[in-house]
Amino acid sequence: MGQHVRVAVIGSGFGGLGAAVRLRREGITDFVVLERAGSVGGAWRDNSYPGCACDVPSHLYSFSFAPNPDWPRTFSGQRHIRAYLEHVADTFGLRPHLRFHHEVLLMRWDNDALRWEIETTGGTTLTADVVVSASGPLSDPKVPEIPGLAEFPGKVFHSARWDHGYDLRGKRVAVVGTGASAIQIVPAIQPEVSRLTLFQRTAPWVLPRADRAITAAERRLHRALPVTAALRRQLLWSVRELQVQAFTKRPKELGLVETLAKANIARSVKDPALRARLTPSYRIGCKRILLSSSYYPALARPNVQVVDGGLAEVRGSTLVGADGTEVEADAIVFGTGFHVTDMPIAERVIGADGITLAEVWKGGVTSLRGATAAGFPNWMTIVGPNTGLGNSSMVLMIESHLNYLADYLRQLDGLGGRDAGRGRVALVPRAAAVRGWNERVQRRMERTVWNTGGCTSWYLDESGHNTTLWPGTTAEFRRATREVNLAEYEVIRAAGSARGTEREKEAVQ
Ligand SMILES: Cc1cc2nc3c(=O)[nH]c(=O)nc-3n(C[C@H](O)[C@H](O)[C@H](O)COP(=O)(O)OP(=O)(O)OC[C@H]3O[C@@H](n4cnc5c(N)ncnc54)[C@H](O)[C@@H]3O)c2cc1C
């Protein structure tokens, strides 16, 4: 058996790095960050496609404890966000904790030793009192199964695994999908490819993106007077908090935004037939509202063709759309998103009852406060089920979960986790608490635009349940995760621990 640590963190994106910073701030240094890749950055390391940038302003899409006065643009590009995360790893002394090329293959809860056994590609098995899974809500690319794709003679890649060695210039390129990544890729590559075919299953609503360079004067001001950057962040946050009600309670109010979005289409697309095909038939906000000022102008260019209904089949180098359209292509780029509702890490966690989280979640994904799961002691996920946002920064949600994590560890200590020796006590959420939390979340979901807006989206699982988004403000989520309510947990003590001679479950009311 290899090393034992108090906490094993999985992933080194915003979530994993944030957890590492928080652990150090809590005085905990006995932890490792297990990362399958060779550097930090998560989504911002993996997504390097042309045009990749955040769609929440940079001053809000960053850690509150690591403000960056030097963001170059209001919506900074991937390169700068990745560099920011590298900087966070350096500034907060995280390097000694990072274990690159350590993909977590399996985590198994040991009911006797009350700890996790973790198998990684790094070789030795690791044990940990607590696992913090920050493996990312959007980190495993999804490529649809399309008949004939395997025989396509050209180049194929997913937006999150861009092949920079392949030169798209002068090529006939097909982009499949119209999500957040695809709408950034299309205008970025359209000027250099000979022909671009966009396979559109559903048209997205797209609003203009108010992207601009942040001036040198603004940056100087933010450096000299950090409070100005904080105020800027506060303003960006407040505006988004005020929008939440329309998404969650009064979708009809989004009608005005729909008018703006239609004007955005009309401004760039003069052909009425194309305009009609690019105008969605569902309520704006039902799928993620996308931001781009260059998407529609690119689609109106003569070397671009939009095929309705998605890519149905590949016959040699011929791509066949669902509407029967046939096009020749040299390369296919899949902007088809990620495994979200079927979180891959869930297949790799075996809990107290000897079954995987994926099996438990077969009947529907559930958690307590988006963080912990019944049957999985001392296992916490950062931005797990129902923590996604339609309109604001995921970093806010991550930081809420960091508060929850810090309190979780404090509570464990309080229960004798440290005094009684390593791994002598664990917390596991009560099934009733998990049920109650999910019922409340799903009840609130009923009125939201995501469930009522007349679309199917990646927010919904196969049964139509929205297990992805948070149906409230980020402030509400902050309050809900400020501390661990012990009444929602069972305390498990190991045999021979200071407070019990045999493994016992202790109810804390
Ligand atoms: C292209 C793109 C643009 C986005 N833009 C925005 C935006 O503008 N605003 C916003 O709020 N959100 C945005 N998001 C959402 C984004 O997922 C979150 O904001 C945030 O980056 C999530 O951080 P994370 O650390 O939880 O996950 P990730 O950044 O995905 O990091 C997860 C890490 O875990 C590692 N990992 C996964 N499985 C294993 C394993 N088994 N073993 C070891 N390591 C593992 C991965 O390699 C990765 O490094 C965007 C996402 C994408 C893909």
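As annotated in an unreviewed UniProt entry, the protein carries the name NAD(P)/FAD-dependent oxidoreductase and comes from Streptomyces paludis. Heading Sequence similarities (unreviewed entry) of the UniProt record for the protein holds this comment: "Belongs to the FAD-binding monooxygenase family." If you open the UniProt record of the protein and go to Cofactor (unreviewed entry), you find "FAD".

Q: Which parts of the structure should I look at to understand the site of the ligand?
A: Taken together, 33 residues are adjacent to the ligand, and Gly-11, Gly-13, Gly-15, Gly-42 and Gly-136 come closest. Looking at the shell around the ligand, the element that brings in the most residues is helix 1 (residues 14–25), giving three residues. Of the residues assigned to the shell around the ligand, the class counts are 17 nonpolar, 12 polar and four charged.

Q: So what exactly am I meant to see when it comes to the domain arrangement of the protein here?
A: A common way to report how large an interface is uses the accessible area buried once the components associate. Each assigned domain of the protein is listed with its residue range as follows: domain 1 (4–140 + 339–504) and domain 2 (149–210 + 236–334). Here the C-alpha centre of domain 2 lies 31 Å away from the C-alpha centre of domain 1. At the junction of the two partners, domain 1 supplies 32 residues and domain 2 supplies 31 residues. Those elements giving two or more residues to the side of domain 1 that touches domain 2 turn out to be helix 13 (449–452) and helix 14 (474–480). At three residues, the largest contribution of residues to the side of domain 1 that touches domain 2 is made by helix 13. Looking at side-chain class alone, the side of domain 1 that touches domain 2 contains 12 nonpolar, 16 polar and four charged residues.

Q: Please clarify how the sheet that holds strand 8 (residues 172–176) should be interpreted in this entry.
A: Note on sheets: strands pair through backbone hydrogen bonds, and any given pair is parallel or antiparallel. The sheet built from five strands is open, its strands ordered 7-16-8-9-12 with parallel pairing. Because the sheet does not close on itself, it has two edges, and the strands there are strand 7 (155–158) and strand 12 (304–308). Taken pair by pair, the neighbouring strands of this sheet meet at an average axis angle of 20°, ignoring direction. Of the strand pairs in this sheet, strand 9 (residues 195–200) and strand 12 are connected by five bridges, and their pairing is parallel. Residue pairing in the sheet places Leu-196 in a bridge with Val-304 of strand 12. Packed onto the sheet, helix 4 (residues 182–189) meets strand 8, strand 9 and strand 16 (331–334) and runs at close to 165° relative to strand 8.

Q: Would you take a moment to explain the packing of helix 1 against helix 11 (residues 394–414) for this structure?
A: Each pair of packed helices gets described by two things: the angle between the helix axes and the distance between those axes. Relative to each other, helix 1 and helix 11 sit at 40°, their axes nearing to 10 Å. Classed by the angle they form, the pair helix 1 and helix 11 counts as oblique. Viewed along their axes, helix 1 and helix 11 form a crossing whose handedness is right-handed. On helix 11, the residues that touch Phe-14, Gly-15, Gly-18, Ala-19 and Arg-22 of helix 1 are Val-395, Ile-398, Glu-399, Leu-402, Leu-405 and Ala-406.

Analysis parameters
- Residues numbered from 1 in each chain as written.
- Predicted model: local features only at pLDDT ≥ 70, side-chain atom pairs only at ≥ 80, totals over all residues.
- UniProt positions renumbered as here; feature names shortened; annotations may be inferred.
- Near = placed C-beta within 6 Å.
- Helix = DSSP H or I, 4+ residues; strand = E, 2+ residues; numbered from the N terminus.
- Nonpolar A, V, L, I, M, F, W, Y, C, P; charged D, E, K, R; others polar.
- Domains from an automatic or database assignment.
- Contact = placed C-beta atoms within 7 Å.
- Pairing = 2+ DSSP bridges.
- Axes fitted to C-alpha atoms, helices over the stretch in contact; angles between N-to-C directions.
- Parallel < 35°, antiparallel > 145°, perpendicular 65-115°, else oblique.
- Left-handed = near helix turned anticlockwise from the far one by under 90°.

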